[in-house]
Amino acid sequence: MKSEFCLIGPITQLVSLSGLPERGPVKDEEIQPLAQAGLLLKGNKIYKTGVYQELKKQAEAVGAALVELDQDYVCLPGFVDAHTHICFGGSRANDYAMRNSGKTYLEISEAGGGIWDTVQQTRKASAHELEVLTLARASRHLSEGVTTIEVKSGYGLSTQEELKMLRVIQAVNSQTPADLVATCLAAHTLPRDISGNHAAYLQEMAAQLLPVILEEKLSRRVDAFVEKGAFSAEDISPYFKKAQEMGFDITVHADQFSSAGSAVAVAFGALSADHLEASTQQDIDRLAQSKVIAVALPGASIGLGCGFTPARKMLDAGLSLAIASDWNPGSAPMGDLLAQAAILGTFEKLSNAEVLSGITFRAAQALNLHDRGKLEEGFLADFVLFAAKDYKEILYQQGKLKPAKVFKGGVLFK
Ligand code: NIG
Ligand code: FE
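Residues numbered from 1 in each chain as written. Chains lettered and ligands numbered in written order. Predicted model: local features only at pLDDT ≥ 70, side-chain atom pairs only at ≥ 80, totals over all residues.

Some points on the overall build of the chain
Worth spelling out the cut-off: Strands here are runs of E lasting at least two residues and helices are runs of H or I lasting at least four, both read from the DSSP assignment and numbered beginning at the N terminus. In this setup the radius of gyration rests on C-alpha atoms only. A globule is expected at 2.2 Å times the number of residues raised to 0.38. Comment: burial labels come from other C-beta atoms within 10 Å of the residue's own C-beta, placed from the backbone, where a count of 20 or more is buried, 12 or fewer is exposed, and between is partly exposed.
Within the chain one finds 16 helices and 16 strands. Computed over C-alpha atoms, the radius of gyration of the chain comes to 21 Å, within 12% of the 22 Å expected from 2.2 N^0.38 for 414 residues, which places it in the range of a compact globule. If one aligns the C-alpha atoms of the chain with their principal axes, the spans along those axes are about 70 × 45 × 40 Å. Counting all 414 residues of the chain, 55% fall into the buried class.

So, unusual backbone geometry
In this chain, glycine 9 is followed by proline 10 through a cis amide linkage whose omega measures -5°. A positive phi angle is found at glutamine 32, which is not glycine, with a value near 45°. Relative to the elements of secondary structure, glutamine 32 occurs in the loop between β1 (5-14) and β2 (34-42). Non-glycine residue lysine 349 carries a positive phi angle of around 55°. Relative to the assigned elements, lysine 349 resides in the loop between α13 (337-348) and α14 (352-358).

Remarks on the environment of histidine 85
Rule in force here: With C-beta atoms placed from the backbone, a contact is any residue pair whose C-beta atoms sit within 7 Å.
On the secondary structure map, histidine 85 appears in the loop between β6 (79-81) and α2 (93-100). Classification of histidine 85 by C-beta neighbours within 10 Å gives buried; the count is 29. Distance in space between the C-alpha atoms of histidine 85 and alanine 182 is 9.8 Å, their sequence separation being 97 residues. Setting aside residues no more than four positions away along its own chain, histidine 85 makes contact with Lys152, Gly154, Trp327 and Asn328.

Focus: the domain arrangement of the chain
We count it as follows: Domain limits in this description derive from either an automatic procedure or a database domain assignment. Only Asp, Glu, Lys and Arg are considered charged in this grouping, and only Ala, Val, Leu, Ile, Met, Phe, Trp, Tyr, Cys and Pro are considered nonpolar; every other residue, Gly among them, is considered polar.
Domain boundaries assigned for the chain yield domain 1 (5-78 + 373-412) and domain 2 (79-366). Taking the mean C-alpha position of each, domain 1 and domain 2 sit 30 Å from one another. The interface is formed by 28 residues belonging to domain 1 together with 33 residues belonging to domain 2. Those elements that place two or more of their residues in the side of domain 1 that touches domain 2 are β5 (74-77), α16 (392-396) and β15 (405-408). A breakdown of the residues in the side of domain 1 that touches domain 2 according to their chemical character gives 13 nonpolar, five polar and 10 charged.

Overview of the site of ligand 1
Just so we agree on the cut-off: Residues are classed as near a molecule or strand if the C-beta position derived from their backbone is within 6 Å of it.
Within the structure, ligand 1 sits among 13 residues, and Ile115, Ala300, Asn328, Gly330 and Ser331 are positioned closest to it. Split by residue class, the shell around ligand 1 holds five nonpolar, seven polar and one charged.

Describing the nonpolar core
So the rule is basically this: The term nonpolar core refers to a group of buried residues, namely Ala, Val, Leu, Ile, Met, Phe, Trp, Tyr and Cys, whose C-beta atoms join them within 7 Å.
Counting 139 residues, the largest nonpolar core has Cys75, Ala187, Val226 and Ala294 as its most contacted members. Sequence-distant contacts of alanine 294, that is, excluding residues within four places in its chain, are made with Ala273, Leu276, Leu287, Met314, Leu319, Ser320 and Leu321.

Quick word on α13
To keep things clear, this is the line we draw: To estimate the expected span of a helix, count its residues, drop one, and scale the result by 1.5 Å.
Helix length check: α13, at 12 residues, gives a terminal C-alpha distance of 16 Å against a target of 16 Å (1.5 Å per residue), a fit within 8%. Within α13, 10 of the 12 residues are buried, which leaves the element mostly enclosed by the surrounding structure. All buried positions along α13 are accounted for by Leu337, Leu338, Ala339, Gln340, Ala341, Ala342, Ile343, Leu344, Gly345 and Glu348. Of the residues one or two after α13, lysine 349 is the one with positive phi, at around 55°.

Let's talk about the environment of glycine 261
Note that glycine 261 resides in helix α9 (residues 261-267). For the pair glycine 261 and serine 279, spaced 18 residues apart in sequence, the C-alpha separation works out to 9.1 Å. For glycine 261, the contacting residues outside a window of four places in its chain are Val226, Glu227, Val252, His253, Ala254, Asp255 and Ala273.

Quick word on the pairing of β5
Along any regular strand the residues' side chains alternate between the sheet's two faces. Going by this rule: Here, any two strands with at least 2 DSSP bridges between them count as paired.
The pairing of β1 with β5 spans two bridges and is classified as parallel. Within β5, the position partnered with leucine 14 by the bridge is cysteine 75. Strand direction decides the pairing type here: β5 and strand β14 (residues 383-386), joined by four bridges, are antiparallel. Bridge pairing links proline 77 to phenylalanine 383 in β14.

A few points about the sheet that holds strand β12 (residues 293-296)
To keep things clear, this is the line we draw: With axes taken as lines fitted to C-alpha atoms, and helix axes fitted only over the stretch in contact, angles between N-to-C directions fall between 0 and 180 degrees.
Strand order across the open sheet formed by eight strands is β6-β7-β8-β9-β10-β11-β12-β13, with parallel pairing between neighbours. On the outer flanks of this sheet lie β6 and β13 (321-323), each paired with one strand and no other. On average, each strand axis in the sheet is inclined to that of its neighbour by 25°, with strand direction left out of account. Note: β6 against strand β7 (residues 146-152), three bridges, orientation parallel. By the bridge assignment, valine 80 is partnered in β7 with threonine 148. Lying on the sheet, α13 is in contact with β6, β7, β12 and β13; it crosses β6 at an angle near 90°.

Notes on the pairing of β2
Relative to β2, β1 runs antiparallel, the two sharing seven bridges. Along β2, the bridge assignment pairs cysteine 6 with leucine 41. Once β2 ends, the chain turns through two residues before running back antiparallel as strand β3 (residues 45-51), passing glycine 43 with a positive phi of about 60°.

Thoughts on the packing of helix α7 (residues 198-215) against helix α8 (residues 233-245)
Selection criterion: Any angle from 65 to 115 degrees is called roughly perpendicular, while one under 35 is roughly parallel, one over 145 is roughly antiparallel, and all others are oblique.
Axis separation between α7 and α8 bottoms out at 9 Å; the angle between their running directions is 10°. One way to sum up the angle between α7 and α8 is to call them roughly parallel. For the pair formed by α7 and α8, the contact residues are His198, Ala199, Leu202, Ala206 and Leu210 on the first element and Asp235, Tyr239, Lys242 and Ala243 on the second. In terms of residue class, the contact of α7 with α8 is built from six nonpolar, one polar and two charged.

Things to note about α8
Its 13 residues give α8 an end-to-end C-alpha distance of 18 Å, which sits within 8% of 18 Å, the value for a rise of 1.5 Å per residue. For α8, the complete set of buried residues consists of Ile236, Tyr239, Phe240 and Ala243. Looking at the buried positions of α8, the neighbouring elements they touch are β8 (179-187), α7, β9 (221-225), β10 (249-254) and α9. Glycine 247 lies just past α8 and shows a positive phi near 100°.

Structure representation (structure tokens):
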């Protein structure tokens, strides 16, 4: 009978991130890479990590398959992207060009751009077309080392169209080796084709949409864009309250352009508050007193050409900081998590350890997943191998060094 064990190595540097703190600053000295290491897997999980030559004896005793590496590799946990909108139709290249030629948000919107444009393109796409587009983006992410991908709805903005998106995300999850974590973002913006106000729309979503999501097990997470022009704290509170009563976890698009959403995130005990580019010191202090994870989205800062989330201040205040791509057609079209995280590191003076924690185990926690993001016994065997001798090469090359091999649940996909 084939053994369920498998040994991989020798690995020049194994960066397990084991033992790193869940929140606050982290120094590179705390990383302690293991040289000439091995990873002994059992099924889709990590059974043991250690020095390759020592693990080899143990592996032979249990008849493990051997995957012998014949060049230098640095091994890291698979990356976790805790915030994306990769299920969408169309393109907003026109918005991007207009914005870069100085046009305002209002002018772009009047020219037919903005979120509403993507809503129309996404509604127009058939479920099959959306599946093909979403799967292609998930596959690109996986090949770049992202083994867990959160994906939001939010371009449907009606019960039927939001369900279409969430069913597409569920279907794509069964087609890709990556784990997709779906989030309902029906509260993205008020759809233009209804006559009711914000409160009426959210009431309808809570009454009509959320129960079906639970019934079909499409998602356990509810997100909202709390911002001027989207939803106010007053609009969103009854909706979040109902969602929470139904058992949904809460996450918030917060403080993107103005300080607003992070206080809501804290009040509801959200898993995460994402964006936070406009957070004030008071917001940061409030977040630091809570368990809410701060998710920086450098891709949106790069896409819109505006400032970065004050990540350094947040870490120094003791927050847990995750870094996600926000991959979406409007504000963050690039979708390269590693490049964006590296760039945030240079602007915010983050250590390698802080950036890598932010795209692995701290990001997993933002998704309430506690079985991934570190390479230790019992964790999922999700890991990436970079052709390098020193882990510091990875962020130094600012995203240009891509993983040579990607393993999801112990299976090699690249
Ligand atoms: O996370 N801030 C709101 N939502 C998205 C942008 C969506 C879009 O422009 O299509 C974001 O940046
Ligand atoms: Fe977003």
